[in-house]
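# Examination of the molecular architecture
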Amino acid sequence: MDLNILVLPGDGIGTEVTREAVRVLRHVAGKWNHPLHIAEGLLGGIAIHRTGSPFPEETARLAADADATLLGAVGLPEFDNCPPEKRPEKGLLGIRKALGVFANLRPVRAFAALLDSSPLKNALVEGTDMIIVRELTGGIYYGTPRGISGSGPETRAVNTMTYTRAEIERVSHVAFRLARGRRRKVTSVDKSNVLENSQLWRRVVTEIAVEYPDVALDHLLVDNCAMQLILNPRRFDVVLTENMFGDILSDEGAVLAGSIGMLPSASLGGRKPSGAWVGLYEPVHGSAPDIAGQNKANPLGAIGSVAAMLEYSFGLKEEAASVNAAIEAVLGSGRVTADLRPSGAPATTEQVGEAVCAAIG
Ligand code: IPM
Ligand code: MG
């Protein structure tokens, strides 16, 4: 099968972890004889530097032409005081919207080899296996009106949290279908005791659940969910939530997995004009400027995102499973980066990438 992939390394450790993810992708393509065509593009801070825009038109064109896009991370401290419109992150929001990838899947698993890496008690974390389905192209990230106006004490900032019924329905279907392949439980997370937006969310999710009588649905308020994730993580199977709540809860989930460097993600749902599905794959972590350029970032979230790409964009289940098994083998070998607190000397980003390829065989 031909694999036409766009790679967007982005900023900071994005370039380093993406290099290892591409190494693994090339290895898999070679082993299973899939012709691999890789294009590289600009997104984020590097794109602002080179073109003036965080999401250049050329990148939009390349993404539309590719079967799938692999992304590193975006964000540079030099843009910290810029308005959202002029920041690297605007490029990320732009490509998600342009591709129409409304469902962001963020699996959170407690790997046996990493139980000691979690600051939480092993007995509590052990066996955790959930997937957060985060709505990705709506909500407060995109709602208008937005902006800062006025001056002095009357300076006012506005953001708008908005969802339509159709937006909630489509992401709910993704969550319920996923649950059918798992433990058949969806927990929908909202703030319906305060927000009308969440009241619509809860109403629509409850209606969609009727079409999936074999899947159990419960609802949690987001503040309570934040607590339950740490108190009783095994209670969760599929967590369905809106854009900003999902952003926040998935970083919390990273603590259960041992390190945010471990978390992959798949953003799905968009279709190309040809009718083909499009997918965007990125680790959950950010650009981590504090450790960029030092060859010490954990590439396993990026490599796990390659596994997700092979599975969801190409249906290559065997290849995906071999990448995931290799990740576990490398974790078990202890040859991991500093964030996972190995007992011996930490491995470099590159050594982890090479170890994953070796484990695939
Ligand atoms: C994520 C990130 C992004 C988000 C940032 C970089 C805009 O935190 O993917 O979780 O908030 O969506
Ligand atoms: Mg985030």
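Residues numbered from 1 in each chain as written. Chains lettered and ligands numbered in written order. Predicted model: local features only at pLDDT ≥ 70, side-chain atom pairs only at ≥ 80, totals over all residues. Heavy atoms only, no water.

## Points about the domain arrangement of the chain
Rule in force here: Note that domain bounds follow an automatic or database assignment of domains. Any two residues whose heavy atoms approach within 4.5 Å are treated as being in contact. A pairing counts as a salt bridge when a side-chain nitrogen of Lys or Arg comes within 4 Å of a carboxyl oxygen of Asp or Glu. Polar contacts, as counted here, are pairs of nitrogen or oxygen atoms within 3.5 Å of one another; within protein the pair requires one atom able to donate a hydrogen and one able to accept it, and residues that are adjacent in sequence qualify only if both atoms are side-chain atoms. What counts as a helix is a DSSP run of H or I of at least four residues, what counts as a strand is a run of E of at least two, and both are numbered from the N terminus.
Parsing the chain into structural domains produces domain 1 (1–111 + 258–361) and domain 2 (119–241). The distance between the C-alpha centroids of domain 1 and domain 2 comes to 24 Å. Each partner contributes to the interface: domain 1 provides 18 residues, whereas domain 2 provides 20 residues. Taken together, the links from domain 1 to domain 2 amount to 0 salt bridges. In this structure, the connection of domain 1 to domain 2 is made through 7 residue pairs in polar contact (both at pLDDT 80 or more). Of all the secondary structure elements, the ones that give two or more residues to the side of domain 1 that touches domain 2 are helix 4 (88–99) and strand 4 (103–109). Looking at the side of domain 1 that touches domain 2 element by element, the count peaks at 7 residues for strand 4.

## Focus on the packing of helix 10 (residues 300–312) against helix 11 (residues 317–333)
Applied cut-off: Helix axes are fitted only over the stretch in contact, all axes being lines through C-alpha atoms; the angle between N-to-C directions runs from 0 to 180 degrees. These descriptions rest on fixed angle ranges, namely under 35 degrees for roughly parallel, over 145 for roughly antiparallel, 65 to 115 for roughly perpendicular, and the rest for oblique. Two helices that cross are described as forming a left-handed crossing if the nearer one is turned anticlockwise from the farther one by less than a right angle, and a right-handed crossing if clockwise.
The interhelical angle for the contact between helix 10 and helix 11, taken along N-to-C directions, is 160°, at an axis separation of 7 Å. Classified by the interaxial angle, the pair formed by helix 10 and helix 11 is roughly antiparallel. In terms of crossing hand, the pair formed by helix 10 and helix 11 is left-handed. Facing L300, I303, G304, A307, L310 and E311 of helix 10, the residues of helix 11 in contact are K317, E319, A320, V323, N324, I327 and L331.

## Thoughts on the environment of G353
Just so we agree on the cut-off: Exposure classes here rest on a 1.4 Å probe applied to the protein chains alone. A residue is buried below 20% of its type maximum, exposed above 50%, and partly exposed in between.
Within the secondary structure, G353 sits in helix 12 (residues 349–360). Classification of G353 as buried rests on a relative accessible area of 0%. Taking the C-alpha atoms as reference points, G353 and A21, 332 residues apart in sequence, are found 7.1 Å from one another. The contacts of G353, once residues within four sequence positions are left out, are E20, R23, V24, P299 and I303.

## Here we look at the packing of helix 6 (residues 165–180) against helix 7 (residues 196–209)
The following threshold applies: When residues are grouped by polarity, Ala, Val, Leu, Ile, Met, Phe, Trp, Tyr, Cys and Pro land in nonpolar, Asp, Glu, Lys and Arg in charged, and all others, Gly among them, in polar.
Interhelical geometry of helix 6 versus helix 7 gives an angle of 50° and a closest axis separation of 9 Å. Accordingly, the angle class assigned to the pair helix 6 and helix 7 is oblique. The chirality of how helix 6 crosses helix 7 is right-handed. Residues R165, I168, E169, V171, S172, H173 and F176 of helix 6 touch helix 7, and the partners they reach there are L200, W201, V204, V205, E207, I208 and A209. Of the residues belonging to the contact of helix 6 with helix 7, the class tally is 9 nonpolar, 2 polar and 3 charged.

## Section: the pairing of strand 8 (residues 185–190)
To be explicit about the condition: DSSP bridges decide pairing: two strands pair if at least two such bridges lie between them. With strands facing away from the observer, any crossover in which the path from the first strand over the helix to the second runs clockwise is taken as right-handed.
A large share of strand 8 lies buried, amounting to 5 of its 6 residues. Bridging between strand 8 and strand 9 (residues 216–221) involves 6 bridges; their strand directions are parallel. Within strand 9, the position partnered with S188 by the bridge is H219. The handedness of the strand 8 to strand 9 crossover, carried by helix 7, is right-handed.

## As for the packing of aromatic side chains
Going by this rule: In this analysis, rings of Phe, Tyr and Trp, with Trp reduced to its six-membered ring, are considered paired at centre separations within 6.5 Å, and the interplanar angle assigns stacked below 30 degrees, edge-to-face beyond 60, and tilted for intermediate values. Think of it as a cone above the ring: NZ of Lys or CZ of Arg counts as a charge over the ring if it is within 6 Å of the ring centre and within 35 degrees of the ring normal.
Applying the stated criterion across every chain, the model contains 2 aromatic pairs. A centroid spacing of 5.4 Å and a plane angle of 65° characterise the contact between Y163 and W201, whose relative ring orientation is edge-to-face. On the criterion of sequence distance, the pair formed by Y163 in the loop between strand 7 (156–158) and helix 6 and W201 in helix 7 is long-range, its members being 38 residues apart. Of the two residues, Y163 and W201, neither departs from the other in class, the shared state being buried. Aromatic pair F176 and Y212: ring centres 5.0 Å apart, planes at 15°, arrangement stacked. Of this pair, F176 sits in helix 6 while Y212 is found in the loop between helix 7 and strand 9, placing the two residues 36 residues apart along the sequence. One exposure class covers both F176 and Y212, and it is buried. In this structure, K97 packs its charged tip against the face of Y142, placed 4.6 Å from the ring centre. Taking the ring centre of F236 as reference, the NZ or CZ of R235 above it sits at 4.8 Å.

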